[in-house]
Amino acid sequence: MSQAIRIRPAGPSDVEQIYAFIVELAEYERGADQVFGTPELLADALFGPHPSAEALIAEIDGVAAGMAVFYRTFSTWECRPGIWLEDLYVPVAQRRAGIGAALLSELARITVERGCARLEWVALNWNTPALDFYAKLGAGRLEEWNVHRLEGAALARVAAGPVPR
């Protein structure tokens, strides 16, 4: 018998659970040593005076069973906002129960309701279950785009300018 999935906006009392999900996701993605954030930083990012992200919590019988963390983006080509899904996570024991689909459905509804042009995210190229799931939803892969990142010493060097030619 399937249980009812409830999706709701996260509140300040969810920070510890969201942080625990983030750590679990990092372990799954083989990057636990790269988690430098703290629950305090997460609380400020989600609920501080200038929130930079939002989160949804999936519950079954009042127990957290997954999360989605997202934030607003902007498309210059569309001249409209978008939403970037930073993390979608459902613990292994809860997978294949429709929780991920329910989280994405709610986030898609929010995207449309807010007049956003698109909902975007990335997935690791080895995460076949996630890639197959996204393909079943009809999400297109942007194979021609490469993600780039400045961080650490490289970010500091570029910030100090001027950038070498």
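See the structure shown above.
Model, not experiment: these values are computed from the prediction. (Residues numbered from 1 in each chain as written. Predicted model: local features only at pLDDT ≥ 70, side-chain atom pairs only at ≥ 80, totals over all residues. Heavy atoms only, no water.)

A.B. asks: Can you help me understand the overall build of the chain in this one?
C.D. replies: Each helix and strand in the chain was counted, giving 5 helices and 5 strands. Tracing the chain from N to C terminus, the helices and strands come up as β-α-α-β-β-β-α-β-α-α. For a compact globule of 165 residues, the expected C-alpha radius of gyration is about 15 Å, and the chain comes in at 17 Å, within 12% of that figure. Overall, the chain is about 60 × 35 × 35 Å in size when its C-alpha atoms are taken along their principal axes. Across the 165 residues that make up the chain, the buried fraction comes to 31%. Once local pairs closer than 6 in sequence are excluded, the contacts in the chain between residues at least 24 apart make up 57%. Counting only carbon and sulfur atoms, one obtains 55% of the accessible surface of the chain, whose full area is about 11200 Å². Charge centroids of the chain, computed over 15 positive and 21 negative side chains, lie 6 Å from each other. (Helix = DSSP H or I, 4+ residues; strand = E, 2+ residues; numbered from the N terminus. Rg over C-alpha atoms; globule rule 2.2 N^0.38 Å. Buried < 20%, exposed > 50% of the residue type's maximum accessible area, 1.4 Å probe, protein only. Contact = heavy atoms within 4.5 Å. Areas by Shrake-Rupley, 256 points an atom, 1.4 Å probe, with all protein chains shown as cover. Lys, Arg positive; Asp, Glu negative; His and termini not counted. Charge placed at Lys NZ, Arg CZ, Asp CG, Glu CD.)

A.B. asks: Please clarify how the packing of helix α1 (residues 15-28) against helix α2 (residues 39-47) should be interpreted in this entry.
C.D. replies: The angle between the axes and the distance between the axes are what describe a pair of packed helices. Interhelical geometry of α1 versus α2 gives an angle of 115 degrees and a closest axis separation of 9 Å. Our classification of the angle between α1 and α2 gives roughly perpendicular. Crossing of α1 against α2: the hand is right-handed. Taken together, the residues of α2 that come into contact with α1 (itself represented by Val 15, Glu 16, Ile 18, Tyr 19 and Ile 22) are Pro 39, Leu 42, Ala 43, Leu 46 and Phe 47. Residues that form the contact of α1 with α2 fall into these classes: 9 nonpolar, no polar and 1 charged. (Axes fitted to C-alpha atoms, helices over the stretch in contact; angles between N-to-C directions. Parallel < 35°, antiparallel > 145°, perpendicular 65-115°, else oblique. Left-handed = near helix turned anticlockwise from the far one by under 90°. Nonpolar A, V, L, I, M, F, W, Y, C, P; charged D, E, K, R; others polar.)

A.B. asks: Sorry, what's going on with the packing of helix α3 (residues 99-113) against helix α4 (residues 128-137) here?
C.D. replies: It is the contact of α3 with α4, at a shortest axis distance of 12 Å, that shows an interaxial angle of 50 degrees. Comparing their axes, α4 and α3 come out oblique. Remark: the crossing between α3 and α4 carries right-handed chirality. Residue-level inspection shows Gly 100, Ala 101 and Leu 104 of α3 in contact with α4, the latter providing Phe 133, Tyr 134 and Leu 137. For the contact of α3 with α4, the residue count by class is 5 nonpolar, 1 polar and no charged.

A.B. asks: What should I look at first to understand the sheet that holds strand β2 (residues 54-60) in this one?
C.D. replies: Backbone hydrogen bonds hold the strands of a sheet together, and the pairing may be parallel or antiparallel. The 5 strands are arranged β1-β2-β3-β4-β5 in an open sheet whose pairing can be described as mixed. Each having just a single partner strand, β1 (5-9) and β5 (119-120) make up the two edges of the open sheet. (Pairing = 2+ DSSP bridges.)

A.B. asks: Could you clarify how one ought to interpret the pattern of salt bridges in this entry?
C.D. replies: Where charged atoms from two side chains of opposite charge come close, those side chains can pair. In total, this model carries 8 salt bridges according to the counting rule given. Arg 8 serves as the salt-bridge partner of Glu 59, at 2.9 Å between the closest nitrogen and oxygen. Placement of Glu 59 in strand β2 and of Arg 8 in strand β1 is noted, with a sequence separation of 51 residues between them. Of the two residues examined, Glu 59 and Arg 8, each falls in the buried class. One continuous salt-bridge network, built from bridges that share partners, spans Arg 6, Arg 8, Asp 14 and Glu 59. (Salt bridge = Lys/Arg side-chain N within 4 Å of Asp/Glu carboxyl O.)

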